[in-house]
Amino acid sequence: MKHIVVLSGAGVSAESGLKTFRDADGLWEGHDVMEVATPEGFAKNPELVLNFYNERRKQLLEVKPNSAHYDLAALEKDYKVTIITQNVDDLHERAGSTNVIHLHGELLKARPVNSNNIILWNTDMKLGDVDEKGRQIRPHIVWFGEAVPMIDLAVDVCKTADILIIIGTSMQVYPAAGLKDYVKKGTPIFYIDPNPADIHDKHVKTIKEKASSGMKTVIKDLTS
Ligand code: APR
């Protein structure tokens, strides 16, 4: 069975109603990402950060996967599929994808500060929510400047790709953006984005469409 690797970003969830990062001139839901997605921001104003993710968590529970998520999940009928996502939402899983690697963490998980003891968390989080050792609980999100624990696994996965689908990412944040360079030379690449970045690789088919329609084009190619 051929192995399809998918690299997804915020654009795949845009049609579900979740905002992307760079389409709103660097603001994430009205906030400077440096204020709400860095350890320094959390140290400076933990309540702002905790409330920001409380809002994101509430919003996630109100939105649904879109047809791009479902089409990606349906590929599992005919292919081995690994989804490597920069998204912290659970829309790939809710659409039925069974093998999802979250490079930048997950909104519905949490951990104590300075610990990797990950727990499920789907309600509001506030200062004073601590673990049994009295450590403040924080969102299980990889903030700017923090290590990306899943990157080595993601690199190994990309090396085994027979087909790569890049969908809804501006390819601006490393190390995620560098993953495409680990696929074997000559691997067919589909890049779906209405406003695509330049990818200098002759094996890339750039599909200048939104995720939902772009995935229909990919499926047509795969089945032709
Ligand atoms: N369908 C497909 N792609 C879309 C759509 C859509 N409907 N709408 C927008 N896009 C594209 C944009 O053109 C852009 O290229 O999605 C991409 C979103 O890019 P970013 O906002 O930079 O999001 P992403 O690439 O996921 O950011 C990576 O940066 O802020 C950090 O940790 C955060 O995981 C995030 C990382």
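Rules used in this analysis
Residues numbered from 1 in each chain as written. Predicted model: local features only at pLDDT ≥ 70, side-chain atom pairs only at ≥ 80, totals over all residues. Heavy atoms only, no water. Domains from an automatic or database assignment. Contact = heavy atoms within 4.5 Å. Buried area = accessible area lost by both parts, 1.4 Å probe. Salt bridge = Lys/Arg side-chain N within 4 Å of Asp/Glu carboxyl O. Polar contact = N/O pair within 3.5 Å; in protein donor to acceptor, adjacent residues only side chain to side chain. Nonpolar A, V, L, I, M, F, W, Y, C, P; charged D, E, K, R; others polar. Buried < 20%, exposed > 50% of the residue type's maximum accessible area, 1.4 Å probe, protein only. Helix = DSSP H or I, 4+ residues; strand = E, 2+ residues; numbered from the N terminus. Arc of directions from axis to C-beta. Core = buried A, V, L, I, M, F, W, Y, C linked by side-chain atoms within 4.5 Å. Pairing = 2+ DSSP bridges. Axes fitted to C-alpha atoms, helices over the stretch in contact; angles between N-to-C directions.

Peer 1: Explain the domain arrangement of the protein chain here, please?
Peer 2: Often the size quoted for an interface is simply the accessible area lost on bringing the parts together. By the assigned domains, the protein chain splits into domain 1 (1-17 + 65-104 + 148-224) and domain 2 (19-62 + 106-141). Here domain 1 and domain 2 have C-alpha centroids that lie 25 Å from each other. Taken together, the 15 residues of domain 1 in the interface contact 11 residues of domain 2. For the pairing of domain 1 and domain 2, the buried interface totals around 1,000 Å² over both sides, and the portion due to carbon and sulfur atoms is 62%. Counting across the interface, domain 1 meets domain 2 through 0 salt bridges. Remark: the boundary between domain 1 and domain 2 carries 2 residue pairs in polar contact (both at pLDDT 80 or more). By residue class, the composition of the side of domain 1 that touches domain 2 is 5 nonpolar, 6 polar and 4 charged.

Peer 1: Explain helix H6 (residues 151-159) here, please?
Peer 2: Helical geometry note: an α-helix holds 3.6 residues per turn, so side chains three or four residues apart project in the same direction. Taken as a whole, H6 has its buried residues at Ile-151, Ala-154, Val-155, Val-157 and Cys-158. Along the axis of H6, the buried positions cluster into a sector of 160°, meaning they face one direction only.

Peer 1: Would you explain the side chain of Ser-16 in this entry?
Peer 2: Tracing the chain through its elements places Ser-16 in the loop between strand E1 (3-8) and strand E2 (27-28). One polar contact links the side chain of Ser-16 to the main-chain carbonyl oxygen of Lys-64, over a distance of 2.7 Å. Among the polar contacts listed, one links the side chain of Ser-16 to the side chain of Asn-66, at a separation of 3.0 Å. Look past the residues within four positions of Ser-16 in its chain and what remains in contact with it is Val-63, Lys-64, Pro-65, Asn-66, His-69 and Leu-91.

Peer 1: Hey, could you run me through the nonpolar core in this one?
Peer 2: Buried together is how nonpolar side chains tend to be arranged in soluble globular proteins. Core analysis: the biggest nonpolar cluster contains 24 residues, and Ile-84, Leu-103, Ile-166 and Leu-179 have the highest contact counts within it. Among the elements of the structure, E1, H6, strand E9 (163-167) and strand E10 (189-192) are those that each provide at least two residues to this core. Residues within four places of Ile-166 in sequence aside, it is in contact with Leu-7, Met-171, Lys-180, Ile-189, Phe-190, Tyr-191, Ile-192 and Ile-199. Counting residues in each nonpolar core, the second largest holds 22 residues, with Leu-18, Val-36, Val-49 and Ile-141 among its members.

Peer 1: Can you help me understand the pattern of salt bridges in this one?
Peer 2: Oppositely charged side chains are able to pair whenever their charged atoms sit close together. If you walk through the whole model with that rule in mind, you get 10 salt bridges. Between Lys-216 and Asp-71 there is a salt bridge; the shortest N-O distance is 2.7 Å. With Lys-216 in helix H7 (residues 211-223) and Asp-71 in helix H4 (residues 67-74), this pair connects stretches of sequence that are 145 residues apart. A residue is classified by how much of its surface remains accessible, and Lys-216, at 43% relative accessible area, is partly exposed.

Peer 1: Sorry, what's going on with the sheet that holds E10 here?
Peer 2: One key point about sheets: their strands pair by backbone hydrogen bonds, in either a parallel or an antiparallel sense. Strand order across the open sheet formed by 6 strands is E5-E4-E1-E9-E10-E11, with parallel pairing between neighbours. A single partner strand is all that each edge strand has here, and the edge strands are strand E5 (100-102) and strand E11 (204-207). Averaged over neighbouring strand pairs, the angle between their axes works out to 15° when direction is ignored. Bridging between E9 and E10 involves 4 bridges; their strand directions are parallel. Across the sheet, the residue bridging to Leu-164 is Ile-189, located in E10.

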